[in-house]
Amino acid sequence: MTAEEIFKTMQDLIAEQFAIDAEEITMDSSFVDDLGADSVDLVELVMAMEEEFDVGEIDEEDLAGLKTVRDCVQYLNHKINS
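Every value quoted in this text rests on a predicted model; they were computed, and no experiment measured them.

K.L.:
How should I be thinking about unusual backbone geometry in this particular structure?
P.N.:
Excluding glycine, most residues fall at negative phi; most peptide bonds, likewise, are trans. For Ala19, which is not a glycine, the phi torsion comes out positive at approximately 55°. On the secondary structure map, Ala19 appears in the loop between α1 (3-18) and α2 (39-53). If you check the backbone angles, Asp54 has positive phi at about 50° while not being a glycine. Position of Asp54 relative to the elements: it lies in the loop between α2 and α3 (60-64).

K.L.:
Can you walk me through α2 in this structure?
P.N.:
Residues lying three or four places apart along an α-helix face the same way, a consequence of the helix completing one turn every 3.6 residues. Here α2 spans 21 Å end to end across 15 residues, near enough to the 21 Å set by a 1.5 Å rise per residue. Along α2, the residues classified as buried are Asp41, Leu45, Val46, Ala48, Met49, Glu50 and Phe53. The inward-facing, buried residues of α2 abut α1, α3 and α4 (69-81). Between a side-chain oxygen at the N-terminus of α2 and the backbone nitrogen of Val40 the separation is 3.1 Å; the capping residue is Asp38.

K.L.:
What should I look at first to understand the packing of α1 against α4 in this one?
P.N.:
When two helices pack together, their arrangement is given by the angle between their axes and by how far apart the axes lie. Packing of α1 against α4 leaves a shortest axis separation of 9 Å and a crossing angle of 125°. When the axis of α1 is compared with that of α4, the two are oblique. In the crossing of α1 with α4, the sense of the turn from one axis to the other is right-handed. Packed against α1, whose contacting residues are Ala3, Ile6, Phe7, Met10 and Ile14, the element α4 presents Val69, Cys72, Val73, Leu76, Asn77 and Ile80 at the interface. Each residue belonging to the contact of α1 with α4 can be placed in one class, and the counts come to ten nonpolar, one polar and no charged.

K.L.:
I tried to follow the confidence of the model for the protein chain on my own but got confused; where do I start?
P.N.:
On average, residues of the protein chain carry a pLDDT of 94, and 100% of them reach 70 or more. By mean pLDDT, the top-scoring element of the protein chain is α1 (96), and the lowest-scoring one is α3 (87).

K.L.:
Hey, could you run me through the pattern of salt bridges in this one?
P.N.:
Two side chains of opposite charge can pair, provided their charged atoms sit close to one another. Tallied over the full model, the rule gives two salt bridges. The closest approach of N and O atoms between Glu4 and Lys8, which form a salt bridge, is 4.0 Å. A residue pair is termed a helical-turn pair when its members lie 3 or 4 positions apart in one helix, as Glu4 and Lys8 do in helix α1 at four residues. Accessibility expressed as a relative area gives 42% for Lys8, which makes it partly exposed. Between Arg70 and Asp28 there is a salt bridge, and its shortest N-O distance comes to 2.7 Å. Of the two residues, Arg70 is situated in helix α4 and Asp28 in the loop between α1 and α2; the sequence distance between them amounts to 42 residues.

Here is what the cut-offs are and how they apply
- Residues numbered from 1 in each chain as written.
- Predicted model: local features only at pLDDT ≥ 70, side-chain atom pairs only at ≥ 80, totals over all residues.
- Heavy atoms only, no water.
- Helix = DSSP H or I, 4+ residues; strand = E, 2+ residues; numbered from the N terminus.
- Expected span 1.5 Å × (residues − 1).
- Buried < 20%, exposed > 50% of the residue type's maximum accessible area, 1.4 Å probe, protein only.
- Contact = heavy atoms within 4.5 Å.
- Polar contact = N/O pair within 3.5 Å; in protein donor to acceptor, adjacent residues only side chain to side chain.
- Axes fitted to C-alpha atoms, helices over the stretch in contact; angles between N-to-C directions.
- Parallel < 35°, antiparallel > 145°, perpendicular 65-115°, else oblique.
- Left-handed = near helix turned anticlockwise from the far one by under 90°.
- Nonpolar A, V, L, I, M, F, W, Y, C, P; charged D, E, K, R; others polar.
- pLDDT = per-residue confidence, 0-100.
- Salt bridge = Lys/Arg side-chain N within 4 Å of Asp/Glu carboxyl O.

In structure tokens form, the structure reads like this:
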């Protein structure tokens, strides 16, 4: 799976989870600052990511570094393709 494919899937997941238009989501979108996510939104998104990408449980330490969509795409790209 390429980074572009991961991004497109992430756009769909985020749009569904946060009830926003996928076109509003960019690689540089911050979950909290740009997309208005709260802690419950982020927990639900992480569970959706784990299921969608079949990467197992995402560690709490790793979660701390996932602030933007780009962070998630890079993290998932590494997990999927390594």
